[in-house]
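# A closer look at the structure
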Amino acid sequence: MKVKIIAEIAQAHDGSLGMAHSYIDALAKTGVNTIKFQTHIADAESSIYEPFRVKFSKQDKTRFDYWKRMEFTLSQWHELKQHCDDVGLEFMSSPFSNAAVDVLEEVGVSSYKIGSGEVNNLLLLEKIAQTGKPIILSSGMSSYKELDEAVNFLTSKGANFSILQCTTSYPTLPEEYGLNVISELKERYNVPVGFSDHSAQIGTGITAVAMGAEILEFHAVFNKEMFGPDVSSSLTMPEIALLVKSVRNFEQALNNPIDKSDNSEFKDLKAIFEKSLAINKNLDKGHIIEFSDLEAKKPANKGISASKFQDVIGKETTRVIKQWEFLNIEDIK
């Protein structure tokens, strides 16, 4: 088992190419596999009529203006892709128009991520399916009926795809995680299934992986006081590094099952930590041992095992035994 871990920069760069490069360098240190952007071409995907999901941007009069400000040129996308190559990370970007797919094909992506709002956009799915590249489909806003349609469409095109359980809520609350859907998606579609997280909590991703997620995606941000629509649902660099380490530790544990029937490797430790029976008060020869006379002291093998205490109760001592002495088999009859 090797979970694919995707850190999404999305619009956290706020339209700054320099900031986008800074995110690549920072995320390269966290251990993620993939860095994901979003490729927006305002004229191709939006209009002045698109409302803001959250009116966060005071400098943009319309949502269209915001998308325009988020655009990078083809050469800039090439630079970002090259930077990801240089630091050993997969470059990925979600296209939001057919025109964006053309850009990403020019840049040279190896796979595509479909955002939750594009599941019903069969025009876009057709365009991406034509590339023949693997597809990750996010299910955030879709009912099973809608997912069935998208899955049937992609299957008919011979597409290689996986599905992410996702809740389109920023930040997502625990009662909204839908962790149960991970197994439901696996059973329903028989494809690899992952989890796209907007909770801004480290534990959510760890839990999703423990419940079978094979892909883990989340938003990244330098600081939760920064500007942008996804900040409240993002993880910081230290949080991402801890999440990645935790997931890799989980994988390591899962790949190395313990045989609880064999504890031979603990032989030396058991001799140190386990205990032998001892006497907690001075006893005369001929004393009949009672439970209240007994104590257990380290190490093992200095007396009768503490696990055998019931065998010595009612037995007669063969000698005077001083307080805190170990009790051995020759001391009773």
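Predicted model only: the values in this text are computed from it and were never measured.

## Things to note about a nonpolar patch on the surface
A surface patch of nonpolar side chains, about 410 Å² in accessible area, is lined by Phe266, Leu269, Ile272 and Phe273. Turning to its location among the elements, Leu269 is positioned in helix 11 (residues 267–273).

## Comments concerning the UniProt feature "domain: AFP-like" (unreviewed entry) in the protein chain
In the UniProt entry, the feature "domain: AFP-like" (unreviewed entry) is given for residues 276–333. In residues 276–333, the share of helix is 7% and the share of strand is 14%. The end C-alpha atoms are 18 Å apart.

## Details of the packing of aromatic side chains
For the coordinates displayed, the defined rule picks out seven aromatic pairs. Between Tyr23 and Phe222, the ring centres sit 4.0 Å apart and the planes meet at 20 degrees, which makes this aromatic pair stacked. Here Phe222 lies in the loop between strand 8 (215–220) and strand 9 (234–235) and Tyr23 lies in helix 1 (residues 17–28), a separation of 199 residues in the sequence. Since its relative accessible area comes to 30%, Phe222 is described here as partly exposed. Ring centres of Phe72 and Trp77 lie 5.3 Å apart, and the angle between their planes is 80 degrees; on these two criteria the pair is classed as edge-to-face. Judged by relative accessible area, Phe72 falls into the buried class, the value being 10%. Looking at Trp77, the relative accessible area reads 2%, which means it is buried. Directly above the ring of Tyr144 sits Arg188, whose terminal nitrogen or CZ lies 4.3 Å from the centroid. Over the aromatic face of Phe326 sits the side chain of Lys297, whose NZ or CZ is 5.2 Å from the ring centroid.

## Brief notes about the pattern of salt bridges
Pairs may arise between side chains of opposite charge once their charged atoms sit close together. Enumeration according to the criterion identifies 20 salt bridges in this entry. With a shortest N-O distance of 2.9 Å, Glu251 and Arg248 are connected by a salt bridge. Linking Glu251 with Arg248, this pair stays in helix 10 (residues 237–254), spanning three residues, or about one helical turn. For Glu274, the salt bridge is made with Lys270, and the minimal N-O distance between the two is 2.4 Å.

So, how was this worked out
Residues numbered from 1 in each chain as written. Predicted model: local features only at pLDDT ≥ 70, side-chain atom pairs only at ≥ 80, totals over all residues. Heavy atoms only, no water. Patch = residues over 30% accessible without salt bridge, like charges linked within 9 Å, V, L, I, M, F, W, Y side chains within 5 Å. Areas by Shrake-Rupley, 256 points an atom, 1.4 Å probe, with all protein chains shown as cover. Salt bridge = Lys/Arg side-chain N within 4 Å of Asp/Glu carboxyl O. Helix = DSSP H or I, 4+ residues; strand = E, 2+ residues; numbered from the N terminus. UniProt positions renumbered as here; feature names shortened; annotations may be inferred. Phe/Tyr/Trp six-rings, centres within 6.5 Å; stacked < 30°, edge-to-face > 60°. Buried < 20%, exposed > 50% of the residue type's maximum accessible area, 1.4 Å probe, protein only. Lys NZ or Arg CZ within 6 Å of the ring centre and 35° of its normal.

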